[in-house]
Amino acid sequence: MSESTQNNTEQNPFTKPGFIISAALVVALIAAVIVIFLLPKGQGNAQPAPAPAESGSSAAASPSASAEAGKSVCGLPSSGETALGTAPKSKWELVGTMAVPSDPATAGPGTVGTDGLRSCFAQSPTGALYATANIWASSFNGYAKQVYLELSADSPSRDKAVQAIKEGKDVSGGTSLKVQIAGFMVHSYTPEASVVELAFETADGGYGALSTSLLWEDGDWKMDIPAAGGGAVRQVSDLSSFIPWAGV
């Protein structure tokens, strides 16, 4: 009986250290990206009244109306490519403790604010990938508030996040996540929308993955916050389904 139990334990992948590490990473990722859960549950299906400045800008124009097709807000070139099957050659820089790609003349970020927030990415698969990496590095390293205010697409979910910020709530998830990008997949791409999944690795060798929807809005890629809050997080045992891509 005890021998059978031991064999089952040894064969069960959910009891292996690698899985436990990955599970811990996923929990940390979830903690870092949840926003909507900061709000009272009774408000889940109702939009809080947004501040006048925010509601005015949201109602004034459709997502891409204020920027010409193919033109980024800082003048980066667009691309006719619709897929990214290999890792781009990237120069890496640190945002906090996390390495992120940088190509200011081609893919972005074309703008780095005085507070360090990185924005303006090219309307291309590479630009969408770079935007995703930089958005999450900013979120994990002290810029979560700015990401929701400046790098998120107009939506009821963003309105809720903005309302939470105005009420003084912590939108950082209460954690400074120390992970590094290890790979990526561009699940879909059009000039107006993209879905990019990043694989992350901890110092202990565990893996987790985070899928992000982006919308082209006002001449830049913006994170489309899901109605449930946060992003699509999953556990991964290895990088076999990802294109390897790392700066550390």
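Computed from a predicted structure; not experimentally measured.

### With respect to the confidence of the model for the chain
Across the chain, the average pLDDT comes to 77, with 68% of residues at 70 or higher. Scored below 50 in pLDDT, residues 8-19 shows seven contacts in the model against residues more than four places distant or in partner chains. Scored below 50 in pLDDT, residues 34-67 shows 45 contacts in the model against residues more than four places distant or in partner chains.

### Some words on unusual backbone geometry
A cis amide bond links G108 with the next residue in sequence, P109, at an omega value of 0°. Even without glycine at this site, C120 takes up a positive phi of about 70°. Assignment of secondary structure puts C120 in the loop between β4 (118-119) and α4 (125-140). Taking the relative accessible area as the measure of exposure, C120 reaches 0% and is therefore buried. Of note in the backbone geometry, D218 takes a positive phi value of approximately 55° without being a glycine. Mapping D218 onto the fold places it in the loop between β7 (207-217) and β8 (220-223). Judged by its relative accessible area of 33%, D218 is partly exposed.

What counts and how
- Sequence order sets the numbering: in each chain, residues are counted from 1 along the sequence as written.
- Local features are withheld for residues below a pLDDT of 70 in this predicted model, meaning they are given only at 70 or higher, and side-chain atom pairs are given and counted only at 80 or more; totals for whole chains, interfaces and linings count all residues.
- Just so you know, side-chain values use all the structure's heavy atoms and leave hydrogens and water out.
- Note: pLDDT gives the predictor's confidence per residue, expressed from 0 to 100.
- Any pair of residues with heavy atoms lying within 4.5 Å of one another is described as a contacting pair.
- Only runs of H or I of at least four residues qualify as helices and only runs of E of at least two qualify as strands under DSSP, and these elements are numbered from the N terminus.
- Categorising residues by exposure relies on relative accessible area from a 1.4 Å probe, with only protein chains included: less than 20% of the type maximum marks a residue as buried, more than 50% marks it as exposed, and the intermediate range marks it as partly exposed.

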